[in-house]
Amino acid sequence: MKENSKMRITQIEKTRLARTMVRGFFQSYVFGKAEQLFPEGQSLEPRHYKEIISNNYEHLANEMLGIFFPLLVRLNFKDADAATEDLAQRKFSSTTSPKLLLRYACGSKVVYDSVVEEYRIQIENLLSGHLQPMSEFLNAEDTGSDESIEVALAIRTLVRTQMQTYAKAKGGEADRLSQKTIYRLMIHGMIALLHTEVPDISGENLELIFRRVAKNSNNFETLMDEMTRQFSELAE
């Protein structure tokens, strides 16, 4: 992470965002599927994590690619028009392999390798009957890369990843989404993206917790704005 003279993070490694997106995808997917299975909010047991993953294993990679592809591609270009123009020249088709599509979307081998490795780690944790502990994720070293992006864009990309995944896993209807679950996903997502240690998120003041995990007012406002935007888009 790159910081300015006031120690405010302005840039973040693309590999860190990629890893966080994968972690966010799996957490959002599991929560969405769990709420379908247990609408009354039953606590998940280890066997439930295993069943959710094993019952959907064949579809997980393609579902993740469907969410990730447009989001990752956009990170590789200065604007959406440039991304659209380059994509049109690639002549991808329905027969193009998912591996090739993901490799293109990642933009570099180091980012692609980070996504593949994080996918493996998250699958292993869930098949062991639990979500990966946050401390374990934060203690893992990001693959070295010179690629970085603006923090605001990273936050918006992660919010879209988590909310779109959660909504799709739960059936795609915005009015069925749990605000409590979305807040939990956003809080955990900001910790995974912006922190090196797990911060204190105790207490009942939700705004204070969001501000703490966002680290500064600009990040907080970006997070709130993108959450609102995604709620609107999912409701269309």
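Residues numbered from 1 in each chain as written. Predicted model: local features only at pLDDT ≥ 70, side-chain atom pairs only at ≥ 80, totals over all residues. Heavy atoms only, no water.

**Topic: the overall build of the protein chain**
The helix and strand inventory of the protein chain stands at 10 helices and 3 strands. Counting helices and strands in the order they occur from the N terminus, the protein chain gives β-β-α-α-α-α-α-α-β-α-α-α-α. In terms of overall dimensions, the protein chain is globule-like: its C-alpha atoms have a radius of gyration of 17 Å, near the 18 Å expected for 236 residues. Taking the principal axes of the C-alpha coordinates as reference, the protein chain spans close to 50 × 50 × 35 Å. When contacts within the protein chain are restricted to residue pairs at least 6 apart in sequence, those whose partners lie at least 24 apart make up 71%. Looking at the protein chain as shown, the accessible area adds up to about 12300 Å², and 48% of this sits on carbon and sulfur atoms. Charged side chains of the protein chain number 29 positive and 33 negative; the gap between the two group centres comes to 2 Å. (Helix = DSSP H or I, 4+ residues; strand = E, 2+ residues; numbered from the N terminus. Rg over C-alpha atoms; globule rule 2.2 N^0.38 Å. Contact = heavy atoms within 4.5 Å. Areas by Shrake-Rupley, 256 points an atom, 1.4 Å probe, with all protein chains shown as cover. Lys, Arg positive; Asp, Glu negative; His and termini not counted. Charge placed at Lys NZ, Arg CZ, Asp CG, Glu CD.)

**A look at the side chain of Glu 118**
As for its placement among the helices and strands, Glu 118 is situated in helix H5 (residues 109-127). The buried category is assigned to Glu 118, whose relative accessible area is 3%. In terms of polar contacts, Glu 118 uses its side chain to reach the side chain of Gln 122, at 2.7 Å. Not counting the four nearest positions on each side in its chain, Glu 118 is found in contact with Arg 19, Val 22, Arg 23, Gln 132 and Phe 137. (Buried < 20%, exposed > 50% of the residue type's maximum accessible area, 1.4 Å probe, protein only. Polar contact = N/O pair within 3.5 Å; in protein donor to acceptor, adjacent residues only side chain to side chain.)

**Section: the pattern of salt bridges**
By the definition in use, this model includes 15 salt bridges. Shared partners join several salt bridges into a network, and the residues in it are Arg 156, Arg 160, Asp 225, Glu 226 and Arg 229. (Salt bridge = Lys/Arg side-chain N within 4 Å of Asp/Glu carboxyl O.)

**What to know about unusual backbone geometry**
Glycine aside, residues mostly have negative phi angles, and peptide bonds mostly take the trans form. Positive phi is not limited to glycine here, since Lys 215 has a value of about 80°. Tracing the chain through its elements places Lys 215 in the loop between helix H9 (206-214) and helix H10 (217-235).

**Thoughts on empty space enclosed by the protein**
Applying the stated criterion across every chain, the model contains 1 cavity of 30 Å³ or more. Estimates place the volume of the largest cavity at around 30 Å³. For the lining of the largest cavity, the class distribution of residues is 1 nonpolar, 3 polar and 1 charged. (1 Å grid on protein atoms, 1.4 Å probe; cavity = no way out; pocket = protein on both sides within 12 Å on 5 of 7 lines; lining within 4 Å. Points joined across faces, edges and corners; volume = space filled by probe spheres on them. Nonpolar A, V, L, I, M, F, W, Y, C, P; charged D, E, K, R; others polar.)

**Comments concerning the layout of surface pockets**
A probe as big as a water molecule, rolled over the atoms, marks out the empty space that is left. Of the volumes computed, that of the largest pocket is approximately 500 Å³. In terms of lining, the largest pocket is formed by 17 residues, of which the most central are Phe 31, Glu 35, Gly 41, Thr 181 and Arg 184. At 4 residues, the largest contribution of residues to the lining of the largest pocket is made by helix H1 (residues 14-37). Residue composition of the lining of the largest pocket, by class: 6 nonpolar, 6 polar and 5 charged. By volume, the second largest pocket amounts to about 180 Å³. For the second largest pocket, the full set of lining residues is Ala 61, Met 64, Leu 65, Pro 98, Lys 99, Leu 102, Tyr 112, Val 115, Val 116 and Tyr 119. Of all elements in the fold, only helix H2 (46-75), helix H4 (98-106) and H5 reach the threshold of two or more residues within the lining of the second largest pocket.

**Considering H2**
Look at H2: only 36 Å from first C-alpha to last across 30 residues, short of the 44 Å you get at 1.5 Å a residue. In H2, a bend of some 80° at Tyr 57 exceeds every other bend along the element. (Expected span 1.5 Å × (residues − 1). Bend = angle between axes of the 7 residues up to and from the residue.)

**Comments concerning the confidence of the model for the protein chain**
In the predicted model, the protein chain carries a mean pLDDT of 90, and 94% of its residues have values of at least 70. Mean pLDDT across the elements of the protein chain bottoms out in strand S1 (residues 2-3) (48) and peaks in helix H7 (residues 151-169) (97). (pLDDT = per-residue confidence, 0-100.)

**What about the nonpolar core?**
By size, the foremost hydrophobic cluster in this structure holds 68 residues, and its most contacted members are Phe 26, Met 186 and Leu 193. Here this core gets 13 residues from one element, more than from any other, and that element is H2. When sequence neighbours within four positions are dropped, the list of residues in contact with Met 186 reads Val 159, Gln 162, Met 163, Phe 210, Leu 223 and Met 227. (Core = buried A, V, L, I, M, F, W, Y, C linked by side-chain atoms within 4.5 Å.)

**Topic: the packing of aromatic side chains**
Summed over all chains, the structure comprises 7 aromatic pairs. For the ring pair Phe 25 and Phe 26, a centre distance of 5.2 Å and an interplane angle of 85° mean the geometry is edge-to-face. Both rings, one in Phe 92 and one in Tyr 104, keep their centres 5.2 Å apart while their planes meet at 70°; by these two values the pair is edge-to-face. Of this pair, Phe 92 sits in the loop between helix H3 (80-90) and H4 while Tyr 104 sits in helix H4; the two residues are 12 residues apart in sequence, bridging distant segments of the chain. The structure contains a cluster of three or more aromatic residues connected by ring pairs, namely Phe 25, Phe 26, Tyr 29, Phe 68 and Tyr 119. (Phe/Tyr/Trp six-rings, centres within 6.5 Å; stacked < 30°, edge-to-face > 60°.)

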